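Geometric and topological summary
Single-letter residue listing:
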Amino acid sequence: HDGPWARDSYGFSSTHQWLANRGYAVMSVNFRGSTGFGEAFLNAGNREWGGRMQEDLLDAVQWAVTNGIAQADRVAIVGQGFGGYAALAGLAFAPDQFRCAASYGAPANLTALVENSPASARDAWYLRVGDVRTAEGRSALRARSPLQRAGQITRPLLLAMGARDSAATRGEFDMIAQSLRARRASWSARCWPAPT
């Protein structure tokens, strides 16, 4: 799910229904850092983008495979916003774990994401994502930025963003696409609505 300071709740989801209608089993994961499960669970996601939050998603995949819900070689990861980041990170950090990914409006460069966050909320971003004011913090953010590991993406990837998307930038997506194109990896990029 997006956020990550949000949660998936039981109920109708048009995206889940659309995928299920086409034969896919759909699983939504409330990874650490999701809201609605107490302060300790929320705070367990602090500075864990691409870290323990990503491990929660991989654990969920393993659970689905172990319980016969999914086939290990046929798992896709799809998301928007933070979920799109998790999809990019899935292909960049665990390239053999997923068959493909779709990433919508996802930040690919965590340093830029934090630096461009609203000044009024920047302290929260320093706490929850990472502190760009220190060399250690900048290094950690670079290490967990899919843009820095685009060369490790070997699986098919759909990149999509809105023309006015605030978290993702066209430049970041273009750099990932160029890396994939140079290696002849399978990818697709879309920007809606088309800029004029």
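Residues numbered from 1 in each chain as written. Predicted model: local features only at pLDDT ≥ 70, side-chain atom pairs only at ≥ 80, totals over all residues. Heavy atoms only, no water.

**Quick word on the overall build of the protein**
Across its full length, the protein holds eight helices and four strands. Listing the helices and strands of the protein from first to last along the sequence gives α-α-α-β-α-β-α-α-α-β-α-β. Against the 2.2 N^0.38 benchmark of 16 Å for 196 residues, the protein shows a C-alpha radius of gyration of 16 Å, consistent with a compact globule. Taking the principal axes of the C-alpha coordinates as reference, the protein spans close to 45 × 45 × 30 Å. The buried share among the 196 residues of the protein stands at 40%. Contacts in the protein between residues at least 24 apart in sequence constitute 66% of all its contacts with a sequence separation of at least 6. Carbon and sulfur atoms make up 49% of the accessible area of the protein, which totals about 10,900 Å². (Helix = DSSP H or I, 4+ residues; strand = E, 2+ residues; numbered from the N terminus. Rg over C-alpha atoms; globule rule 2.2 N^0.38 Å. Buried < 20%, exposed > 50% of the residue type's maximum accessible area, 1.4 Å probe, protein only. Contact = heavy atoms within 4.5 Å. Areas by Shrake-Rupley, 256 points an atom, 1.4 Å probe, with all protein chains shown as cover.)

**What about the environment of Ser 145?**
Following the sequence through the fold, Ser 145 ends up in the loop between α7 (135–143) and β3 (157–162). Classification of Ser 145 as buried rests on a relative accessible area of 0%. With 95 residues separating them along the chain, Ser 145 and Gly 50 place their C-alpha atoms 7.7 Å apart. Apart from residues lying up to four places away in sequence, Ser 145 is in contact with Phe 93, Ala 108, Asn 109, Leu 110 and Thr 111. A distance of 2.6 Å separates the side chain of Ser 145 from the backbone oxygen of Leu 141, its partner in a polar contact. (Polar contact = N/O pair within 3.5 Å; in protein donor to acceptor, adjacent residues only side chain to side chain.)

**Digging into the pairing of strand β1 (residues 76–80)**
Only one face of β1 is buried, namely the one carrying Ile 77 and Gly 79, since none of Ala 76, Val 78 and Gln 80 on the opposite face is buried. Pairing of β1 with strand β2 (residues 100–104) involves five bridges; the strand directions are parallel. Counterpart to Ala 76 in the pairing with β2 is Cys 100. (Pairing = 2+ DSSP bridges.)

**Focus on unusual backbone geometry**
Negative phi is the rule for most residues except glycine; trans is the rule for most peptide bonds. Of the consecutive residues Gly 3 and Pro 4, the connecting peptide bond is found in the cis state with omega at 10°. With respect to the helices and strands, the residue Pro 4 is situated in the segment before α1 (14–21). We note that Arg 47 has phi near 55°; this positive angle belongs to a residue other than glycine.

**Brief notes about the side chain of His 1**
The residue His 1 is located in the segment before α1 in this model. With relative accessibility at 19%, the residue His 1 sits in the buried group. A polar side-chain atom of His 1 sits 2.9 Å from a polar atom in the side chain of Ser 34. Ignoring sequence-local partners within four residues, the contact set of His 1 consists of Ala 6, Arg 7, Asp 8, Val 29, Asn 30, Phe 31, Ser 34, Gln 80, Phe 82 and Gly 83.

**A short note on the environment of Asp 56**
The residue Asp 56 is located in helix α3 (residues 52–66) in this model. C-alpha separation for the pair Asp 56 and Gln 97, spaced 41 residues apart in sequence, amounts to 13 Å. In contact with Asp 56, not counting residues within four places along its chain, are Val 29, Phe 31 and Arg 32.

**Structural notes on the nonpolar core**
Across soluble globular proteins, you tend to see nonpolar side chains buried next to one another. Counting residues in each nonpolar core, the largest one holds 39 residues, and the members touching the most others are Trp 49, Phe 82, Leu 88, Val 114, Ile 153, Leu 157 and Ile 176. Those elements giving two or more residues to this core turn out to be α3, α4 (82–93), α5 (110–115), α6 (122–128), β3 and α8 (170–182). Residue contributions to this core peak at eight residues, all from α4. Not counting residues within four places of it along the chain, the set of residues in contact with Val 114 comprises Arg 122, Trp 125, Tyr 126, Val 129, Gly 130, Val 132 and Leu 141. (Core = buried A, V, L, I, M, F, W, Y, C linked by side-chain atoms within 4.5 Å.)

**Re the side chain of Ser 103**
Along the chain, the position of Ser 103 falls in strand β2. Its relative accessible area of 0% is what places Ser 103 among the buried residues. Discounting residues that sit within four places of it in the chain, Ser 103 has contacts with Gly 79, Gly 84, Tyr 85, Ala 87, Leu 88, Leu 157, Leu 158, Leu 159, Ala 160 and Phe 173.

**Notes on a nonpolar patch on the surface**
Together, Met 27, Trp 63 and Ile 69 give the surface a local cluster of nonpolar side chains, amounting to about 310 Å² of exposed area. Secondary-structure assignment places Trp 63 in helix α3. Relative accessible area serves as the criterion here: at 46%, Trp 63 is assigned to the partly exposed category. (Patch = residues over 30% accessible without salt bridge, like charges linked within 9 Å, V, L, I, M, F, W, Y side chains within 5 Å. Salt bridge = Lys/Arg side-chain N within 4 Å of Asp/Glu carboxyl O.)

That is the geometry; function is a separate question.
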